[in-house]
Amino acid sequence: MKAKIIGISSYLPSRVVTNDELSKTLDTSHEWIYSRTGIASRHVSAYDELTSTLAIEAAKQVLEQSEVRPGEIDAIIVSTTTGDTRFPSCACKVQGAIGASKAFAFDVNAACAGFIYALAVADSMMKSMKLKNVLLIASETLTKFVDWTDRSTCVLFGDGAGALVLQSSDDETSGIIATKLYSNGDEEKYNSILSHNGAQNDYRGYITMAGRSVFKYAIEYMAMSMHDILNENNMTMNDIDWVIPHQANRRILESLCKMKEFPLEKFVITTENHANTSSASIPLAMRDAMYRGIVKKGDTLLFSALGAGLVWGSAIIRL
Ligand code: UT7
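The rules behind each value
Residues numbered from 1 in each chain as written. Predicted model: local features only at pLDDT ≥ 70, side-chain atom pairs only at ≥ 80, totals over all residues. Heavy atoms only, no water. 1 Å grid on protein atoms, 1.4 Å probe; cavity = no way out; pocket = protein on both sides within 12 Å on 5 of 7 lines; lining within 4 Å. Points joined across faces, edges and corners; volume = space filled by probe spheres on them. Helix = DSSP H or I, 4+ residues; strand = E, 2+ residues; numbered from the N terminus. Nonpolar A, V, L, I, M, F, W, Y, C, P; charged D, E, K, R; others polar. Domains from an automatic or database assignment. Contact = heavy atoms within 4.5 Å. Buried area = accessible area lost by both parts, 1.4 Å probe. Salt bridge = Lys/Arg side-chain N within 4 Å of Asp/Glu carboxyl O. Near = heavy atom within 4 Å. Polar contact = N/O pair within 3.5 Å; in protein donor to acceptor, adjacent residues only side chain to side chain. Areas by Shrake-Rupley, 256 points an atom, 1.4 Å probe, with all protein chains shown as cover. Sits in = over half its atoms within 2 Å of the grid points. Core = buried A, V, L, I, M, F, W, Y, C linked by side-chain atoms within 4.5 Å. Buried < 20%, exposed > 50% of the residue type's maximum accessible area, 1.4 Å probe, protein only.

Comments concerning the layout of surface pockets
- Reported here for the second largest pocket is a volume of approximately 620 Å³.
- Around the second largest pocket sit 25 residues that line it, and M209, G211, R212, F215 and N249 are the ones nearest its centre.
- Listing elements by their share of the lining of the second largest pocket, those giving two or more residues are α2 (30-37), α8 (211-232), α9 (250-260) and β12 (300-307).
- Of all the elements, α8 adds the most residues to the lining of the second largest pocket, at 6 residues.
- Across the lining of the second largest pocket, the residue classes break down as 15 nonpolar, 7 polar and 3 charged.
- Looking at the lining of the second largest pocket, you find at least three residues from each of domain 1 (2-169) and domain 2 (175-318).

Here we look at the domain arrangement of the chain
- Taken domain by domain, the chain holds domain 1 (2-169) and domain 2 (175-318).
- Using C-alpha coordinates to define each centre, domain 1 is positioned 15 Å away from domain 2.
- Counting from both sides, the interface comprises 54 residues of domain 1 and, opposite them, 49 residues of domain 2.
- The largest contributions to the domain 1 side of the interface with domain 2 come from C112, I116 and F145, which together make up 17% of the buried area.
- Inspection of the domain 1/domain 2 interface yields 0 salt bridges.
- Only β1 (2-11), α2, β3 (41-43), α5 (114-128), β6 (133-141), α6 (151-154) and β7 (159-169) provide two or more residues apiece to the side of domain 1 that touches domain 2.
- Ranked by residues supplied to the side of domain 1 that touches domain 2, first place goes to β1 with 8 residues.

Section: the site of the ligand
- Near the ligand you find 20 residues, and of these T28, R151, G211, R212 and N249 are the closest.
- Contact between the ligand and R36: an oxygen atom at 3.4 Å from a side-chain N or O atom of the residue.
- A total of 960 Å² of accessible area belongs to the ligand in isolation, and the protein chains cover 73% of it.
- In a pocket analysis with a 2 Å cut-off to the grid points, the ligand is assigned to the second largest pocket.
- Those elements that provide at least two residues to the shell around the ligand are α2, α6, α8 and α9.

Side note on the nonpolar core
- Residues L119 and F303 are the most contacted members of the largest nonpolar core, which totals 40 residues.
- Residues lining this core come from more than one domain, with at least three contributed by each of domain 1 (2-169) and domain 2 (175-318).
- Look past the residues within four positions of L119 in its chain and what remains in contact with it is L136, L164, L166, I176, F303, A315 and I317.
- Of all hydrophobic cores here, the second largest spans 29 residues; its members include A223, L230, I269 and L302.

This is the structure:
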């Protein structure tokens with residue numbers, strides 16, 4: 001059995017904030033932000049536009065596109081690190097809104113690597129529980145969690161959601177080929193790198209980050225997981241049509257390719273207009289690349305991401 005992607009959609013808040021707009025209230029400039037990150041603008045959710053709002057919009061679109069009725073969904077998995085509330089989960093809010101009465105629903109939180117974690121969970125549950133249709137959504141509103149006076153972090157993030165329908169199939173020629181996950185919660189070494197700056201139960205804290213360390217670990221660990229997953233599946237980069245990485249920052253991806261000898265021309269990069277949308281960034285980039293006719297049916301894709309924890313991983317799929 002293979003879990004196939006039979007539909008993909010995305011939803012971006014309508015408000016676009018450019019670097020020039022940010023530089024009106026912050027001591028920054030388009031040149032500084034663009035040269036260091038490749039980001040020119042980001043979508044920013046309205047006050048009442050929540051992570052579940054984005055997820056529900058993306059879910060409705062993908063169900064329509066894949067011609068799957070809400071009642072045919074067996075499970076809803078939402079990857080998010082910015083859920084509207086600690087509980088109920090964002091996935092349950094989606095379930096209620098779309099009327100997926102027979103589905104079970106839960107969230108996965110693996111920060112910026114959450115989409116790959118959720119994909120691995122969906123793949124293994126579809127096999128072990130014999131599920132037919134899974135709605136997998138990655139939805140994030142990181143702009144609600146940044147300190148808009150901290151120029152070193154607020155310029156980096158944006159909001160958005162991507163949704164997929166995964167369907168089990170006996171056709172082995174396409175679908176999820178492999179997933180590989182890693183974590184390292186070594187407190188002393190990593191926990192201060194990218195953390196939510198609240199007291200333990202203070203949900204209002206802001207994102208803090210040691211940018212240079214994140215930059216370094218992103219290159220090392222994404223390269224490691226990409227090499228591992230290729231080797232373990234007897235594949236090389238020649239077998240991969242497109243790499244769709246977590247879209248944290250163009251410069252990280254360029255350095256990854258230069259230092260670890262990956263072909264930059266195979267990388268889908270959408271940081272310019274999306275910025276870093278955490279776990280939503282891979283499905284957003286994939287939807288964008290498919291919409292523009294770059295990524296096509298039959299292509300073999302390699303996903304890779306690293307996020308706070310640290311958590312990281314890769315996945316290989318054939319469309
Ligand atoms: O999902 C993972 C998410 N994380 C990331 O994507 C971040 C990875 N890290 C990076 O991409 C880079 O470290 C940054 C883009 C965040 C920062 O670039 P950098 O070249 O590492 O800059 P820095 O933090 O070392 O700061 C250099 C200078 C500092 O000024 P001083 O102390 O040298 O006077 C900062 O205050 O740049 C200053 N700076 C800014 N200047 C203008 C920091 N942010 C800004 C800004 N505009 N937005």
